[in-house]
Amino acid sequence: MRSCRIKDFLKKYFLIGKVRHRFNPSVQITQRQLFLQYQSQAQSKTLPKIADTGFRVFSQFEEDGLLLYIFSIIGMTHKTFLEIGSDDGVNSNSANFYFNFDWHGVFIDGNKTSIERGIHFYNKYPHTWTYKPTFINSFITKENINDLIKQGGLNGEIGLLSIDIDGNDYHIWDAIEQITPQVVIIETQIAYGMNNIVVPYDPNFVYPGKHPDY
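These numbers come from a predicted model, not from an experiment.

### Details of the overall build of the chain
- A tally of regular secondary structure across the chain gives 7 helices and 5 strands.
- Secondary structure elements of the chain, listed N to C terminal, follow the sequence α-α-α-β-α-β-α-β-α-β-α-β.
- Out of the 214 residues belonging to the chain, those deemed buried represent 46%.
- Approximately 11,700 Å² of the chain is accessible, and the part contributed by carbon and sulfur atoms is 52%.

In structure tokens, the structure reads:
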């Protein structure tokens, strides 16, 4: 199918791994073609399985492709993101939407060096048609998360929420009241299998801590 050929192109293209390739116009054109292809397939009920749609442009693994597939179907109603535990915001779940689909949003991370690196990157590669993302350097707890989101200027419905803080992820998600995301992506630990286990909340937990599997 045509969508598979487009996806394979994106996978092969980024095996080279150079940052400049991410900004080649063909990357945006190809993804927008794929976006329209998924919409057409949704109408004709011929969509591929979501497991077959992954690829990476900026994401750590294949989240870029999976998220594009989801938003092709449900629509990019709110082109706004919040990434909690974003590191520098470059190898993130939101950067692809920022650069290739005109999204904007907020990156929050407790590592000052990572935040400074992210600010430098987005200044070096500015987007022509949208605002630069907001970077917030702060340790994240369920007690301060809503204030941090408010500080970032977000309120109400947004498109994407991504949480990856290696420990208190569930509790941060549970505490959020400032926003209502269309899609949420949260890192989980599969070492315990498919059991429904939640790590006890510890506002002072820093990975790897006493329990690195968290």
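### Digging into the packing of aromatic side chains
- For the coordinates displayed, the defined rule picks out 21 aromatic pairs.
- Aromatic side chains Tyr-98 and Tyr-122 sit 5.3 Å apart centroid to centroid with 75 degrees between the ring planes, which places their arrangement in the edge-to-face category. Note that Tyr-98 is positioned in helix H4 (residues 95-101) and Tyr-122 in helix H5 (residues 112-124), a separation of 24 residues in sequence. Of the two residues, Tyr-98 and Tyr-122, neither departs from the other in class, the shared state being buried.

### Describing the pattern of salt bridges
- All chains considered together, the criterion is met by 3 salt bridges.
- For the salt bridge of Asp-87 with Arg-117, the shortest nitrogen-to-oxygen distance reads 3.1 Å. Of this pair, Asp-87 sits in the loop between strand E1 (80-84) and H4 while Arg-117 is found in helix H5, placing the two residues 30 residues apart along the sequence.
- You can call Asp-87 partly exposed: its relative accessible area is 34%.
- We note a salt bridge from Arg-117 to Asp-88, for which the minimum N-O separation is 2.9 Å. Linking Arg-117 in helix H5 with Asp-88 in the loop between E1 and H4, this pair joins segments that are 29 residues apart in sequence.
- Residue classification places Asp-88 among the buried positions, given a relative accessible area of 10%.
- Each of Asp-87, Asp-88 and Arg-117 takes part in a single network of salt bridges with overlapping partners.

### So, the packing of helix H2 (residues 25-44) against helix H3 (residues 63-74)
- Following both chains from N to C, one finds H2 and H3 inclined at 50 degrees, their axes separated by 8 Å at the closest point. Between H2 and H3, the crossing angle belongs to the class labelled oblique. Judged by the twist between their axes, the crossing of H2 over H3 is right-handed. Contacts from Gln-31, Leu-34, Phe-35, Tyr-38 and Gln-39 in H2 reach Leu-68, Tyr-69, Phe-71 and Ser-72 in H3.
- The residue makeup of the contact of H2 with H3, split by class, is 6 nonpolar, 3 polar and no charged.

### Structural notes on the sheet that holds strand E5 (residues 179-186)
- Pairing within the open sheet is parallel, and its 5 strands lie in the order E3-E2-E1-E4-E5. The open sheet has two edge strands with one neighbour each: strand E3 (134-137) and E5. Taken pair by pair, the neighbouring strands of this sheet meet at an average axis angle of 20 degrees, ignoring direction.
- Of the strand pairs in this sheet, strand E2 (residues 104-109) and E3 are connected by 4 bridges, and their pairing is parallel.

### With respect to the environment of Thr-30
- Locating Thr-30 in the fold gives a position in helix H2.
- Polar side-chain contacts of Thr-30 include one of 2.6 Å to the backbone oxygen of Ser-26.

Cut-offs applied
Residues numbered from 1 in each chain as written. Predicted model: local features only at pLDDT ≥ 70, side-chain atom pairs only at ≥ 80, totals over all residues. Heavy atoms only, no water. Helix = DSSP H or I, 4+ residues; strand = E, 2+ residues; numbered from the N terminus. Buried < 20%, exposed > 50% of the residue type's maximum accessible area, 1.4 Å probe, protein only. Areas by Shrake-Rupley, 256 points an atom, 1.4 Å probe, with all protein chains shown as cover. Phe/Tyr/Trp six-rings, centres within 6.5 Å; stacked < 30°, edge-to-face > 60°. Salt bridge = Lys/Arg side-chain N within 4 Å of Asp/Glu carboxyl O. Axes fitted to C-alpha atoms, helices over the stretch in contact; angles between N-to-C directions. Parallel < 35°, antiparallel > 145°, perpendicular 65-115°, else oblique. Left-handed = near helix turned anticlockwise from the far one by under 90°. Contact = heavy atoms within 4.5 Å. Nonpolar A, V, L, I, M, F, W, Y, C, P; charged D, E, K, R; others polar. Pairing = 2+ DSSP bridges. Polar contact = N/O pair within 3.5 Å; in protein donor to acceptor, adjacent residues only side chain to side chain.

None of this, on its own, says anything about what the molecule does.
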